[in-house]
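# Fold and contact review
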Amino acid sequence: MHLRLWIMVCLLSIIAACNQDIHICEEPTDVKLGIGFYHQIDSTQYHDTSLSVAFVKTLHQPPVLLIDSSIVQSIALPLNQLADSSGFIIQPDTSNTADTILIYYARQQKLLSPGCGFVTFFAIDTMRYTTHHIDSASIVNKSVINIHEEHIRLFY
Amino acid sequence: MKNIFVCFISLWIVQAGLAQQKTDTVTAAKDTAIIARHDSVIMVAHDLRIGLDLSRIAMPFLQPGRRDVEASADMQIIPNWYGVIELGYHQMHIDKTDLFQYQSHGYFYRIGIDKNILPSESNPYRHDIAYFGFRLGHAVLQQTVQHYHITDTIWGNVDGSIPRQTVQGLWLEIVAGLKIQIAKYVDLGWSVRGRTLLNHPERKTNVPPYVIPGFGKGSNRQAFDFNYSLFFRIPLFQTAYIFHKKPSSLK
């Protein structure tokens, strides 16, 4: 009798386990461009720095405010999934002028899991930027597939 | 074909017998303590056993939208060694209206061998076997995403579709199980299987297959499975095999 009960419990557990991954999303679905702020000491040395940001907005119209009045060492920005480029306006709160950065990339929609659905992965190609406050910039990781990594370094 | 096979086997038995006589003579001359062998001849039934996996009938209840059919055929090639072919079809439909609609269908086959570990003398009139074996599996799957939706409140929502893709899977598996005779030509059996994927189908597509037919979940490199099958045996022919018993020594 006990054996039959155990078999029933095991079968029900298997049935429940089989359907879990279709209904529940257990993975992070955010995919964002990670930008770190750095201070260049000389041609070979630099260290990460905090930037007092007045705002970060999208370049397209109407602009969307992404970050407002904060001191940050790094930011994570959403890339445009409908186009092969994204533009952002970054203005430090020490100035009235802002810098614009343009990121060019290739996109691919990927099924993350049946529970989570599709996300867009990006492969960065190039970037362009103004130099009102930015000294230089570099792409350190071209593959944008999550929210945890740093992809671009901006030197102030 | 049958006559040729029987003829070949007869020649082999005669040759084996002659060789045995020669060996026995030499052995007897060298060591008189070893006595003659007592070889025995057994008839091996080469029945074609065709099976239908009954456990797949339950699949739509375990996973709505999934349909699986699996059949097998095996035959004893030499005593206690069976050649096995397994074939199947798989169909999957996932409809998550707010996220995506996915459809796939495909087929698979496995080829391999089983080794019977039940002593053949235990009951020569029955066809029961307890076995372990190996399989090499291959699956071809076609999948389509009719629609997907990604919510993006900053830049705008993304809607799209992905045309038909073909994905292949290749794997090795070990199997162990039982086949028990329940009627004259009918057997019932179960098996447990462990599988390991040999290729990386998920790397070649942006839609990793949800299920690889005949293997299991496409997100895993290893899979375990259980089969419960009904078999029908078709007697084809029998061949005689000679079993050499080890010589016994005089004390």
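This text goes with the structure placed above it.
Now for a quick tour of the structure.

Rules and cut-offs
Residues numbered from 1 in each chain as written. Chains lettered and ligands numbered in written order. Predicted model: local features only at pLDDT ≥ 70, side-chain atom pairs only at ≥ 80, totals over all residues. Heavy atoms only, no water. Salt bridge = Lys/Arg side-chain N within 4 Å of Asp/Glu carboxyl O. Buried < 20%, exposed > 50% of the residue type's maximum accessible area, 1.4 Å probe, protein only. Helix = DSSP H or I, 4+ residues; strand = E, 2+ residues; numbered from the N terminus. Contact = heavy atoms within 4.5 Å. Buried area = accessible area lost by both parts, 1.4 Å probe. Polar contact = N/O pair within 3.5 Å; in protein donor to acceptor, adjacent residues only side chain to side chain. Core = buried A, V, L, I, M, F, W, Y, C linked by side-chain atoms within 4.5 Å. Phe/Tyr/Trp six-rings, centres within 6.5 Å; stacked < 30°, edge-to-face > 60°. Lys NZ or Arg CZ within 6 Å of the ring centre and 35° of its normal. Pairing = 2+ DSSP bridges. Axes fitted to C-alpha atoms, helices over the stretch in contact; angles between N-to-C directions.

## Some details on the pattern of salt bridges
All names here are of chain B. Tallied over the full model, the rule gives 21 salt bridges over all chains. As a salt-bridge pair, arginine 66 and aspartate 68 come within 2.8 Å of each other at their nearest N and O atoms. Looking at arginine 66, the relative accessible area reads 8%, which means it is buried. The salt bridge involving glutamate 173 is made with arginine 193; its shortest N-O contact spans 2.7 Å. One end of the pair, glutamate 173, is in strand β6 (residues 158-183); the other, arginine 193, is in strand β7 (residues 186-197), with 20 residues separating them in the sequence. Here the two residues glutamate 173 and arginine 193 agree in accessibility, since each one is buried. Among the charged side chains, a salt-bridge network with shared partners connects Asp53, Arg56, Glu70, Glu86, Arg110, Asp114, Arg135, Glu173, Arg193, Arg195 and Asp225.

## A short note on the interface of chain A and chain B
Tallying the contact residues gives 30 residues for chain A and 25 residues for chain B. For the pair chain A and chain B, the summed buried surface comes to about 2,300 Å²; carbon and sulfur atoms form 65% of the total. Our count for the chain A to chain B interface comes out at 0 salt bridges. Our count for the contact surface shared by chain A and chain B stands at 8 residue pairs in polar contact (both at pLDDT 80 or more). For the side of chain A that touches chain B, the elements supplying multiple residues, two or more each, are α1 (2-23), β6 (85-92), β7 (99-113) and β8 (117-129) of chain A.

## As for the nonpolar core
In terms of nonpolar packing, the biggest core is built from 29 residues, with Ile35, Ile75, Ile101, Ile103 and Leu154 of chain A touching the most fellow members. Examining the composition of this core, we find that 5 residues originate from one element, β8 of chain A, more than from any other. Discounting chain neighbours no more than four positions away, the residues touching isoleucine 101 of chain A are Ile35, Ser86, Gly87, Phe88, Ile90, Met127, Arg128, Tyr129, Ile134 and Leu154 of chain A. One finds Phe118 of chain A together with Val145, Val207 and Val211 of chain B within the second-largest nonpolar core, a separate group that totals 17 residues.

## A short note on the packing of aromatic side chains
One pass over the structure, following the stated rule, counts 7 aromatic pairs over all chains. For the pair phenylalanine 118 of chain A and phenylalanine 100 of chain B, a centre-to-centre distance of 5.9 Å together with 75 degrees between the ring planes defines the contact as edge-to-face. Taken as a pair, phenylalanine 118 of chain A in strand β8 and phenylalanine 100 of chain B in strand β4 (residues 100-116) lie in two separate chains rather than in one. Taking relative accessible area as the criterion, phenylalanine 118 of chain A reaches 4% and is therefore assigned buried. Given the relative accessible area of 1%, phenylalanine 100 of chain B is considered buried. Taken together, the ring pairs connect Phe118 of chain A together with Phe100 and Tyr148 of chain B into an aromatic cluster. Directly above the ring of phenylalanine 55 of chain A sits lysine 57 of chain A, whose terminal nitrogen or CZ lies 4.5 Å from the centroid. Between the NZ or CZ atom of lysine 179 of chain B and the centre of the ring of tyrosine 131 of chain B, over which it lies, the distance is 5.0 Å.

## Topic: the pairing of β8 of chain A
For a regular strand, side-chain orientation follows a simple rule: the groups alternate between the two sheet faces. Residue and element names in this part refer to chain A. Judged from the 12 bridges that link them, β7 and β8 form a sheet pairing that is antiparallel. For isoleucine 103, the partnering residue across the bridge sits in β8 and is methionine 127. What sits between the antiparallel neighbours β7 and β8 is a turn of 3 residues.

## Observations concerning the sheet that holds strand β10 (residues 222-243) of chain B
All names here are of chain B. As summarised here, the arrangement of the 8 strands in space is β1-β2-β3-β4-β5-β6-β7-β10, forming a closed barrel in which the pairing is antiparallel. Put simply, the sheet's adjacent strands are angled 25 degrees from each other on average, direction ignored. Relative to β6, strand β5 (residues 129-150) is paired through 19 bridges, and the arrangement is antiparallel. Residue isoleucine 150 lies in a different strand from β6, and its bridge partner there is valine 158.

## So, the environment of glutamine 109 of chain A
For glutamine 109 of chain A, the position within the fold is in strand β7. Using a relative accessible area of 13% as the deciding quantity, one classes glutamine 109 of chain A as buried. Distance in space between the C-alpha atoms of glutamine 109 of chain A and phenylalanine 122 of chain A is 8.8 Å, their sequence separation being 13 residues. Dropping the residues within four chain positions of it, glutamine 109 of chain A is found in contact with Gln81, Phe118, Val119 and Thr120 of chain A together with Tyr148, Ile150, Val158 and Asn206 of chain B. Separated by 3.0 Å, the side chains of glutamine 109 of chain A and threonine 120 of chain A make a polar contact.

## Some details on the side chain of threonine 120 of chain A
Residues and elements named next belong to chain A. Tracing the backbone through its elements, the reader meets threonine 120 in strand β8. Among the residues examined, threonine 120 registers a relative accessible area of 2% and is labelled buried. There is a polar contact of 2.5 Å between the side chain of threonine 120 and the side chain of glutamine 81.

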